[in-house]
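Here's the letter readout for the chains.
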Amino acid sequence: MLKGLQTIFGLIGGLACPVALAVLGYFTIFKGLDWIYLLVVFLVYLISVALVVLAFPKGKRYGAYCEMMGGGFGWVWMLSIVASIGFFISAMFMSGSWWEFGYSFLVGGLCKGWTRSFRDAQIEDHNNQVLQEKSGVVAPDQIIQDFGACMLDCEDCAVAFYDETKLPHPKSKIFGAVAAVLETPLDDTLKEQLKASLLSLAHFQPNVGDSPVYESQADKLAKEGSFNAEIGNEELKKLAQSYLEKSKQNEAKLEELRKLYELDMALYLNILKK
């Protein structure tokens, strides 16, 4: 509901504001209107564009941005044709100003070019997305963004193993994307974040199951016990005993996961040394 309203208000502002800017620009230049009105409408325009773009999923935001910009400039282009004809007749037969005709003609020409550019970019983006869906190819930046979102939702990645099916993309593709981006020029902060994310990838292993496997049952006990403020001592003892029993049962599985973790870490650290 809220996203629907956000999109509607954004579209109204995004399509109306370019026309309003062109009209206010005319009145500011030729009629002495205060330029502050231009600034206010421009700020409304920026907010409207942001509302629409942010209402779409990340992968579709660029296409939505291009469609909205192209639509807004397209309206100005079409209306400028009518305005230019009127200003031409006025300048030719009624002692009107050729400067007004020139303004309308120039604005229309610029908006025509921008409209076509944004439409071409929108079509190209759509074709790229269709190609990616058919081929299963996803851009490295998108893979890293999706993995980053996954890590934000993973509270215990530092102390537990998760099934690699929980990852948004195959583990090999995430590794390849991070390694490829690390080869490009990056600022130090972003590089360190990518290195940390690459090391966290080792906590995702095959055949873990739906529930995470903690490296230490004490970590799981501390997590669940600390979040339940009302748990009593007896309940805590029973919980501890249950975890100790599960720890013995999971020892073989945990040992296998640790070996896989060490193999991954050796590979990742070798990449980070380069």
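All values reported here derive from a predicted model rather than from experimental measurement.

*Asks:* What should I look at first to understand the overall build of the protein in this one?
*Replies:* Helices and strands together make up the secondary structure of the protein, namely 10 helices and three strands. Helices and strands in the protein line up, N terminus first, as α-α-α-α-α-β-α-α-β-β-α-α-α. Out of the 274 residues in the protein, the part that is buried amounts to 32%. A total of about 17300 Å² of accessible surface is found on the protein, and carbon and sulfur atoms cover 64% of it.

*Asks:* Even after reading the chapter, I still don't get the sheet that holds strand β3 (residues 213-214), so can you show me in this structure?
*Replies:* Pairing between the strands of a sheet comes from backbone hydrogen bonds, and it takes one of two forms, parallel or antiparallel. Pairing is mixed in the open sheet, where three strands are placed in the order β2-β1-β3. Of all the strands in the sheet, just β2 (204-205) and β3 have a single pairing partner and so form its edges. Pairing analysis gives two bridges linking strand β1 (residues 160-163) to β3, with the strands arranged antiparallel. In the strand pairing of β3, Phe161 is matched with Val213.

*Asks:* When you look at the confidence of the model for the protein in this model, what are you seeing that I'm missing?
*Replies:* A low pLDDT means the predicted coordinates there should not be read in detail. With 81% of its residues at a pLDDT of at least 70, the protein reaches an overall mean of 80. Confidence, expressed as mean pLDDT per element, reaches its minimum in the protein at helix α8 (residues 217-227) with 50 and its maximum at helix α3 (residues 61-93) with 90.

*Asks:* I'm lost on the nonpolar core in this one. Help?
*Replies:* Generally speaking, a soluble globular protein has its nonpolar side chains buried in company with each other. Counting 26 residues, the largest nonpolar core has Leu167, Ile174, Val178, Leu198, Leu201 and Phe204 as its most contacted members. Those elements giving two or more residues to this core turn out to be α5 (140-153), β1, α6 (171-182), α7 (188-200) and α10 (251-273). Tallying contributions element by element places α6 first for this core, with seven residues. The next biggest cluster of nonpolar side chains, apart from the first, holds 21 residues, and it includes Tyr26, Val49, Met68 and Tyr103.

*Asks:* It is not clear to me how the side chain of His203 should be interpreted in this structure. Could you clarify?
*Replies:* By secondary structure assignment, the location of His203 is in the loop between α7 and β2. Given a relative accessible area of 6%, His203 falls into the buried group.

*Asks:* How should the packing of aromatic side chains be read in this particular structure?
*Replies:* Two measures describe an aromatic ring pair: the distance that separates the ring centres and the angle between the ring planes. Taken as a whole, this structure holds 14 aromatic pairs when the rule is applied. Residues Tyr26 and Tyr103 carry aromatic rings whose centres are separated by 6.3 Å and whose planes lie at 45° to one another, so their mutual orientation is tilted. Within this pair, whereas Tyr26 is found in helix α1 (residues 2-30), its partner Tyr103 is found in helix α4 (residues 98-135), the two being separated by 77 residues in sequence. Tyr103 matches Tyr26 in its accessibility class, with the two residues each being buried. Ring geometry for Phe30 against Tyr103: centres 5.8 Å apart, planes inclined by 80°, an arrangement best described as edge-to-face. Within this pair, whereas Phe30 is found in helix α1, its partner Tyr103 is found in helix α4, the two being separated by 73 residues in sequence. Under the relative-accessibility criterion, Phe30 is labelled partly exposed at 26%.

*Asks:* What is the right way to read the pattern of salt bridges from this model?
*Replies:* When charged atoms on two side chains of opposite charge get close, those side chains can pair. Tallied over the entire structure, the rule returns two salt bridges. Linking Lys171 and Asp264 is a salt bridge whose minimum nitrogen-to-oxygen distance equals 2.5 Å. Residue Lys171 is found in helix α6, and its partner Asp264 is found in helix α10; the two are separated by 93 residues along the sequence. On the basis of relative accessible area, Lys171 is assigned to the buried category, the value being 14%. Among the salt bridges present, the one from Glu192 reaches Lys195, with a minimum N-O distance of 3.8 Å. Residue Glu192 and its partner Lys195 are located together in helix α7, separated by three residues, close to a single helical turn.

*Asks:* I tried to follow the environment of Ala180 on my own but got confused; where do I start?
*Replies:* If you trace the backbone, Ala180 turns up in helix α6. Ala180 gets classed as partly exposed once you look at its relative accessible area, which sits at 38%.

*Asks:* Which parts of the structure should I look at to understand unusual backbone geometry?
*Replies:* Among all residues except glycine, the phi angle is most often negative; among peptide bonds, the trans geometry is most common. Residues other than glycine seldom take positive phi values, yet Ser95 does so here, at roughly 60°. Turning to its location among the elements, Ser95 is positioned in the loop between α3 and α4. By relative accessible area, Ser95 is classed as exposed at 74%. With a phi angle near 60°, Asn207 is a residue other than glycine that sits in the positive phi range. Inspection of the secondary structure puts Asn207 in the loop between β2 and β3. Residue Asn207 is classed as exposed on the basis of its relative accessible area, which comes to 66%.

Calculation criteria
The residue numbering used here restarts from 1 in each chain and proceeds along that chain's sequence as written. Only residues with pLDDT of at least 70 are given local features in this predicted model, and only at 80 or more are side-chain atom pairs given and counted; all residues enter the totals for whole chains, interfaces and linings. Side-chain numbers here rest on the full set of heavy atoms in the structure, without hydrogens or water. Numbering of helices and strands runs from the N terminus; a helix is a DSSP stretch of H or I covering at least four residues, while a strand is a stretch of E covering at least two. Type-normalised accessible area, obtained with a 1.4 Å probe on protein chains alone, sets the label of each residue: buried when under 20%, exposed when over 50%, and partly exposed for intermediate values. Every accessible area reported is derived by Shrake-Rupley at a probe size of 1.4 Å, with residue values counting cover from the shown protein chains alone. Two strands pair under a simple rule: DSSP has to find at least two bridges between them. What pLDDT expresses is the predictor's confidence in each residue, scored from 0 to 100. For the purposes of this section, nonpolar cores are sets of buried Ala, Val, Leu, Ile, Met, Phe, Trp, Tyr and Cys residues that join through side-chain atoms within 4.5 Å. Each aromatic pair joins two rings of Phe, Tyr and Trp (for Trp, the six-membered one) with centres within 6.5 Å, and gets the label stacked for planes under 30 degrees apart, edge-to-face for over 60, and tilted for any other angle. Between Lys or Arg on one side and Asp or Glu on the other, a salt bridge is scored when a side-chain nitrogen of the former is within 4 Å of a carboxyl oxygen of the latter.

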